[in-house]
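These are the residues of each chain, in order.
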Amino acid sequence: MKQSEFKKRRKQLMQRIGKGNIALIGSASVRTRNRDVDYPFRQDSDFYYLTGFNEPDALAVFIPGREQGEYILFCREFDEKKALWEGAHAGLEGATKNYAAHDSFPIDDVDEILSGMLENKNKVFYPMGRNSDLDHDLIGWITHIRNQSRTGVVAPVELASIEPILHEMRLFKTTAELALMRRAAEVSVQAHVKAMQLCHAGRYEYQIEADIVHHLMQSGLRAVAYPSIVASGKNACTLHYTENKAQLKNGDLLLIDAGAECDHYAADITRTFPISGKFTEPQAQLYQLVLNAQLAAIEQIKPNIPWNAAHDISVEIITKGLVKLGLLKGRVPKLIKDEKYKQFYMHRIGHWLGMDVHDVGDYKLNQEWRKLQPGMVLTIEPGLYIPENCKTVDKKWRGIGIRIEDDILVTKTGHEILTNGVPKTIADIETLMARDKEIG
Ligand code: GLY
Ligand code: MN
Ligand code: MN
């Protein structure tokens, strides 16, 4: 991502904060895994969105109209020994030179310097309640100023969450952001196709997970956007199954929910297919129902359609289908009103997608479902999960879990499916898997 993109975002943020006010946002921290070993570092999405700065121990400050510079970055000073052991870091000079900060200061001096910056500001925008250290420090800095009020300085009188401003910006993706999302989607699509080709009975779920990660890394994307779900048979009925340790059996379905991250932007794809390469009759019936719901929901996606329209149509199709197949009994409108479908379809149709897999942005405005607008990206992922111990349905349905998930961009005229390259009709899946089996 070019520096100019981050600059544009900072400019927009400054305008929305307004003169006389200040905004703070902290980086993510390194977390210890076990003695001397850290978890892989992942920058805070809001912080990265505004700075492009990929280091821990940093704090970005925005002061619209500040004469010495509006964008200040507190970060680690350059340290030769640290560079030798842990690798490159920008240092104060790099922060201004390479990341276009107007001013930079050592993070170790933040207490002294930031109090001064907060003086005589009216309102402080920050990610309220997200990082208890920052919450605590901010109150300390403000108290420090208040204690000096006899010298004539005035402490801020209002604290506000920066999230509504920032998250509304993040909800609408620019061309540069979409380029990264398309790349994440493209490589994830290939990984899912590979997984279908490499799937056969006797292998383990984690081996399929390894095939996926292998493809992402070989393609230059080092991280998954979330832990991959590779769930065979009844494991697919556990929505967040990530154990991925069972052996694959012919006759079962395999549900894979996996996506790559490309420069902090996510893809999120789910496919469900038969391990043997051929659906059984009950599997095919439920699968076709989920697919019908997904296709109809995707059809809804266009500007000015409320967010819940896609969900509502998926509920209608799934409820009707479950009645037809005999898994639910009763009148469809009443079953929908009583939410009986939730026994088998217990999550919503999808979510915003962006830097975070469950991305930021409000789903309702003034308590009404918001209308879709060009530039928004969302997932459409209906599913059906029939618990193994569900006594109210015929045995043949039990232990089947199915979800189909694609990533959809809202365009001016309708939508674009970013993840269309993975087969999802029964015929296409069976053809791909049969061809692969023949090749061996
Ligand atoms: N992979 C998480 C989700 O589909 O929402
Ligand atoms: Mn999802
Ligand atoms: Mn998913």
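Up top is the structure these notes are about.
Here we summarise the structure given alongside this text. Predicted model, so just to flag it, every value in this text is computed and none were measured.

Parameters and conventions
Residues numbered from 1 in each chain as written. Chains lettered and ligands numbered in written order. Predicted model: local features only at pLDDT ≥ 70, side-chain atom pairs only at ≥ 80, totals over all residues. Heavy atoms only, no water. Donors = N, O, S within 2.8 Å, 3.2 Å for Na, K, Ca; no water. Tetrahedral: all angles 85-135°; square planar, octahedral: opposite > 155°, others 65-115°. Helix = DSSP H or I, 4+ residues; strand = E, 2+ residues; numbered from the N terminus. Buried < 20%, exposed > 50% of the residue type's maximum accessible area, 1.4 Å probe, protein only. Polar contact = N/O pair within 3.5 Å; in protein donor to acceptor, adjacent residues only side chain to side chain. Contact = heavy atoms within 4.5 Å.

1. A word on the coordination of the manganese ion (ligand 3)
Put simply, the ideal angle at a metal is 109.5 degrees for four donors in tetrahedral geometry and 90 or 180 degrees for six donors in octahedral geometry. Only Asp-257 (OD), Asp-257 (OD), Asp-268 (OD) and Glu-405 (OE) from the protein coordinate the manganese ion (ligand 3), and they sit 2.0 to 2.4 Å from it. Taken together, the six donor atoms coordinating the manganese ion (ligand 3) span angles of 57 to 169° at the metal, a pattern that classifies the geometry as irregular. In primary sequence terms, the donor set of the manganese ion (ligand 3) follows D-x10-D-x136-E. Between the manganese ion (ligand 3) and the manganese ion (ligand 2) the interatomic distance amounts to 3.3 Å, and Asp-268 serves as a bridging ligand to the pair. Here Asp-268 is found in the loop between β13 (265-266) and β14 (269-274), whereas its partner Glu-405 is found in the loop between β19 (401-403) and β20 (406-410), with 137 residues between them in sequence.

2. A look at the coordination of the manganese ion (ligand 2)
The protein atoms that coordinate the manganese ion (ligand 2) are Asp-268 (OD), His-351 (NE2), Glu-381 (OE) and Glu-405 (OE), at distances of 2.0 to 2.2 Å. Around the manganese ion (ligand 2) sit six donor atoms, and with donor-metal-donor angles ranging over 51 to 153° the site reads as irregular. Read N to C, the donor residues that coordinate the manganese ion (ligand 2) are spaced as D-x82-H-x29-E-x23-E. Judged by its relative accessible area of 3%, Asp-268 falls in the buried class.

3. Quick word on unusual backbone geometry
For Asp-263, which is not glycine, the phi torsion reads 45° and is therefore positive. With respect to the helices and strands, the residue Asp-263 is situated in the loop between β12 (260-262) and β13. Classification of Asp-263 by relative accessible area gives partly exposed; the value is 28%.

4. Remarks on the side chain of Glu-430
Structurally, the position occupied by Glu-430 is in helix α13 (residues 426-439). Taking the relative accessible area as the measure of exposure, Glu-430 reaches 17% and is therefore buried. Of the polar contacts made by the side chain of Glu-430, one reaches the backbone nitrogen of Phe-279; its length is 2.9 Å. When residues no more than four places from it in sequence are discounted, the contact partners of Glu-430 are Gly-277, Lys-278 and Phe-279.

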